[in-house]
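Next come the chains, spelled out residue by residue.
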Amino acid sequence: MTRNTNAPAEAGAPNDPLARGTEPSVAPLNGALWLVRHGFPVFPCDHPELNRCAGLHKTCDGSRGKHPAVAFTRAWTLDEAKVHETFARGLRNPAVAVGACSGPNGTRLLVVDSDRPGAIEDVAAAHGQEWPATMRVWTAKGHHDYVWAPAALQLGNGLGTLQGQFDGDVRAGNAYVIGPGALHASGVLYELDDPERPPVMAPHWLLDALVTRPAFAVRRTKWWDTTRPEGYDRVRGLVAFVLASPRGTRNNRLFWAACRAAEDAQEGREDARHALLEAAIEAGLSEREASATIRSAYNRTGATA
Ligand SMILES: [Zn+2]
């Protein structure tokens, strides 16, 4: 078992059952118990250490540890005894039935799933905002941030105008997320950042973005929706990073992304330079300026552009 090395060091008390260093075999039970005690409806998913996927599906796509073992929109529980029964042996990953979760004053749960650490903070910064401290679960690649949203908005999994800007997804309504205490197929344990920190209300700018139809959705997604070669996630991440650049940071962020792209190209992975140039122009840089920045990043890493 390993841990997301981007997660900050453990700050909790040493006898905290959810503290880092918890035995992986009791982590699913502890995670599930924490969830139901805090009002999050829980259900079991596959666990990567089982010989076969425990998912309900007929054919498994091989992404182990994520497939619901029950019909989760109905078969979730908030009952501790049921949780002990299901998770005592540590062979099921706990997951949260997002749509079944009720928050304060009739709010509903919204989970913001960042595919890399800090992805949602970057989007907030691009909107001139600071991402609030809220309940966070570290995942294999990034983190899940839990926030409350008004029920009237009827959010789904759509990104709205964040499409192409946010390196991640949102989960609301008829959806689920893997919970703390779950083991990812890579060996990373899903862990609460701070078990004492509850979800806060979703910021208005985020809700506005999610319910607005993306005007440039087609343009913004073309780099990764037309072809999906190996390494596309990496290119997509770099492009999203450049697209989300607030004014005054665009050149620096482009330079950083181009350095990573140059390293990738040197190591034989897909070369993102053309996608980065298009993204930089879309973010508001001139073609000349953007080309020069990309060129100097490639020169710096010893590659040629
Ligand atoms: Zn499966």
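Everything numeric here is computed off the predicted structure, so don't read it as measured data.

K.L.:
Residue-level account of the packing of helix α7 (residues 250-266) against helix α8 (residues 273-282), with values.
P.N.:
The axes of two packed helices give the description: the angle between them and the distance between them. Interhelical geometry of α7 versus α8 gives an angle of 170 degrees and a closest axis separation of 10 Å. Here α8 runs roughly antiparallel to α7, going by the angle between their axes. Between α7 and α8, the residues in contact are Arg250, Leu254, Ala257, Ala258 and Ala261 and Arg273, Leu276 and Ala280, respectively. Split into classes, the residues belonging to the contact of α7 with α8 amount to six nonpolar, no polar and two charged.

K.L.:
An account of the pairing of strand β3 (residues 108-114) is needed here, citing residue identities and associated values.
P.N.:
Most of β3 is tucked away: seven of the seven residues are buried. By the bridge criterion, seven bridges tie β3 to strand β5 (residues 143-149) in an arrangement that is antiparallel. Looking at β5, one finds that Leu110 is bridged to Val147. Two strands pair when backbone bridges link them, and β3 and strand β6 (residues 168-172) are joined in this way by five bridges, in the antiparallel orientation. In the strand pairing of β6, Leu110 is matched with Ala172.

K.L.:
Break down the confidence of the model for the chain for me, citing the residues and quoting the values.
P.N.:
Taken residue by residue, the chain gives an average pLDDT of 85. The fraction at 70 or more is 85%. Counting contacts from residues 9-20, a segment whose pLDDT is below 50, to residues more than four positions away or on other chains yields 17 contacts. Note that residues 216-228 has pLDDT below 50 and, in this model, 14 contacts with residues that lie over four places away or in other chains.

K.L.:
Go over the packing of α8 against helix α9 (residues 287-300), please, and point to the residues and values.
P.N.:
Across the interface, α8 lies against α9 with an axial gap of 9 Å and an inter-helix angle of 140 degrees. Taken together, the axis directions place α8 and α9 in an arrangement best described as oblique. As for how α8 packs across α9, the hand of that crossing is right-handed. Residue-level inspection shows Arg273, Leu276, Leu277, Ala280 and Ile281 of α8 in contact with α9, the latter providing Glu287, Ala290, Ser291 and Ile294. Partitioning the contact of α8 with α9 into residue classes produces six nonpolar, one polar and two charged.

Criteria and thresholds
- Here the residue numbers are simple positions, counted from 1 along each chain's written sequence.
- Restriction of local features to residues with pLDDT of at least 70 applies here, the model being predicted, together with a cutoff of 80 or more for giving and counting side-chain atom pairs; totals for whole chains, interfaces and linings are based on all residues.
- Under this scheme, a helix contributes an axis fitted over its contacting stretch, all axes are lines through C-alpha atoms, and angles between N-to-C directions fall in the 0 to 180 degree range.
- By definition, any uninterrupted DSSP run of H or I lasting at least four residues is a helix, any uninterrupted run of E lasting at least two residues is a strand, and each is numbered from the N terminus.
- Throughout, the term roughly parallel applies to angles under 35 degrees, roughly antiparallel to angles over 145, roughly perpendicular to angles from 65 to 115, and oblique to all others.
- Contact between two residues is assigned whenever their backbone-derived C-beta positions fall within 7 Å.
- Amino acids outside the nonpolar list (Ala, Val, Leu, Ile, Met, Phe, Trp, Tyr, Cys, Pro) and the charged list (Asp, Glu, Lys, Arg) are all regarded as polar, and Gly is one of them.
- The burial label depends on the number of other C-beta atoms within 10 Å of a residue's C-beta. Counts of 20 or more mean buried, 12 or fewer mean exposed, and intermediate counts mean partly exposed, with C-beta atoms placed from the backbone.
- We call two strands paired when DSSP finds no fewer than two bridges between them.
- On a range of 0 to 100, pLDDT expresses the predictor's confidence in each residue.
- Should the near helix be turned anticlockwise from the far one by less than a right angle, the crossing is termed left-handed; should it be turned clockwise, right-handed.

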